[in-house]
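# Observations on the model geometry
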Amino acid sequence: MPAVTTDNVLALPRVAEPDRVAARPRPVVSVTTAPKGYEGEGFPVRRAFAGVELRALDPFIHMDQMGEVDYAPGEPKGTPWHPHRGFETVTYIIDGEFVHHDSNGGGGTITNGDTQWMTAGSGILHIETPPEHLVVSGGLFHGFQLWVNLPRTNKLVAPRYQDIRGGQVSLLASPDGGALLRVIAGDLDGHAGPGVTYTPITLVHATLSAGASLTLPWRPDFNALAYVMAGKGTVGAKGRPVELGQLAVFGAGDTITVAADAKQSMDVLFLGGQPIREPVVAYGPFVMNTKAEVMQAFEDYQAGRLGSIPAAHADVRGEAS
Ligand code: MN
């Protein structure tokens, strides 16, 4: 698993050891297993949030672990052009490459720990594909796409694109050096990551060495989720077992604890954000507050008001997914 790593974890800044007396450990409320499915033109995903009620996920809406898959030559797949409105997509690539183009002029290639942040806002069309050379060669593909909701006041903001290179993430170590932490967005113990969202969130990719335990300070006003992207271990102070493809939801408190299995490392995506607490009507590619607004989004899309496929791509597949 490449992502972004370091030769010497011990040389990194450390997150502070939480106060064991004053800090309240956040209890594990649920552990769910992501069902497998297919996205876009048929790439394999795990639906990380399936079976969890929206209230526990708020401000997050949806997350797919894309892969990990080792494609044969000719197999790599992406998505056709399709619209979005009312939220932000965050795409984090660990292995392989994904090429993005959108109707707002945004675009780029992301690979090995890069993140691409797209604010759909009032509306956008985009396409996500493996580059041609990867389609030919095949190879490893592994990443995440997370949907972050926008509050009513920001649903229709102008679209925006942020390209975050893997080298920009903040690298930290746990107090004993047993875990490497990559702060992709938001803030962890005063260390800020590069991603900027309308809705305040914290997004951290942690790699725990075999046998390592990690207790992180976590903003009490944020929700707290931990998704196991590789390996196995435990979550919570009571050590509830978890493995690849499982999501833990934590309850109220100040700290979150995870630990890797004694014999194998574990990679965890930590997510937290300020709940928006508004009605959510999510249907297909649109996330709005009311059913009428979703209907309006479909109408606007069909009328071409969410943008149009740039001329340079006009010969490419143009149907919505
Ligand atoms: Mn999309």
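Predicted model only: the values in this text are computed from it and were never measured.

### So, the pairing of strand β22 (residues 255–260)
For β22, the buried fraction is high: 6 of the 6 residues fall into the buried class. Judged by which residues are buried, β22 turns out to be covered on both faces: T255, T257 and A259 on one side and I256, V258 and A260 on the other are all buried. When strand β18 (residues 213–217) meets β22, the two strands line up antiparallel, connected through 5 bridges. Note that in β22 the partner of L214 across the bridge is V258. Two elements, strand β19 (residues 224–235) and β22, share 3 bridges in a ladder whose sense is antiparallel. Paired with G233 across the strands is A260, a residue of β22.

### Notes on the coordination of the manganese ion
At 2.1 to 2.2 Å from the manganese ion lie its protein donor atoms, namely H82 (NE2), H84 (NE2) and H126 (NE2). Sequence spacing among the residues donating to the manganese ion works out to H-x1-H-x41-H. Remark: H126 occurs in strand β10 (residues 124–129) and H82 occurs in strand β5 (residues 82–84); sequence separation between them is 44 residues. Taken as a pair, H82 and H126 share a single burial class, namely buried.

### Description of the sheet that holds strand β6 (residues 87–95)
Taken in spatial order, the 7 strands line up as β2-β3-β4-β11-β6-β9-β12 in an open sheet, and their pairing is antiparallel. With one partner strand each, in any of the chains shown, β2 (36–39) and β12 (160–164) form the two edges of the open sheet. Mean inter-strand twist for the sheet, computed between neighbouring axes without regard to direction, equals 25°. With 4 bridges joining them, β2 and strand β3 (residues 43–47) adopt antiparallel strand pairing. Looking at β3, one finds that Y38 is bridged to P44.

### A few points about the nonpolar core
Counting residues in hydrophobic clusters, the biggest one holds 33 residues, and the most contacted among them are F49, M63, L146, L203 and Y227. Residues L214, L216, A248 and F250 belong to the second largest nonpolar core, which totals 28 residues.

### Looking at the pattern of salt bridges
Throughout the structure, instances matching the rule amount to 10 salt bridges. Here R55 makes a salt bridge to E53, at a shortest N to O gap of 3.9 Å. Put simply, R165 and D114 hold a salt bridge, and the shortest N to O gap is 2.9 Å. Residue R165 is found in the loop between β12 and β13 (170–173), and its partner D114 is found in the loop between β8 (107–111) and β9 (115–119); the two are separated by 51 residues along the sequence. Looking at D114, the relative accessible area reads 6%, which means it is buried. Each member of the salt-bridge network shares a partner with another, and the members are E39, R47 and D64.

### Structural notes on the environment of T6
As for its position among the elements, T6 is in the segment before β1 (28–33). Residue T6 is classed as partly exposed on the basis of its relative accessible area of 25%. For T6 and L171, which are 165 residues apart along the polypeptide, the C-alpha to C-alpha distance reads 8.5 Å. Filtering out sequence-adjacent residues up to four positions away, T6 remains in contact with L12, L171 and L180. In terms of polar contacts, T6 uses its side chain to reach the backbone amide nitrogen of N8, at 3.3 Å.

### Notes on the sheet that holds β8
With respect to topology, 4 strands assemble into an open sheet ordered β5-β10-β7-β8, the strand pairing being antiparallel. Lying at the two open borders of the sheet, with one neighbouring strand each, are β5 and β8. Each strand axis lies, on average, 30° off the axis of its neighbour in the sheet, ignoring direction. Bridge analysis of β5 against β10 gives 3 bridges, and the strand direction is antiparallel. In the sheet register, H82 faces β10, and the bridge partner there is H126.

Thresholds, definitions, all that
- Residues numbered from 1 in each chain as written.
- Predicted model: local features only at pLDDT ≥ 70, side-chain atom pairs only at ≥ 80, totals over all residues.
- Heavy atoms only, no water.
- Buried < 20%, exposed > 50% of the residue type's maximum accessible area, 1.4 Å probe, protein only.
- Helix = DSSP H or I, 4+ residues; strand = E, 2+ residues; numbered from the N terminus.
- Pairing = 2+ DSSP bridges.
- Donors = N, O, S within 2.8 Å, 3.2 Å for Na, K, Ca; no water.
- Axes fitted to C-alpha atoms, helices over the stretch in contact; angles between N-to-C directions.
- Core = buried A, V, L, I, M, F, W, Y, C linked by side-chain atoms within 4.5 Å.
- Salt bridge = Lys/Arg side-chain N within 4 Å of Asp/Glu carboxyl O.
- Contact = heavy atoms within 4.5 Å.
- Polar contact = N/O pair within 3.5 Å; in protein donor to acceptor, adjacent residues only side chain to side chain.

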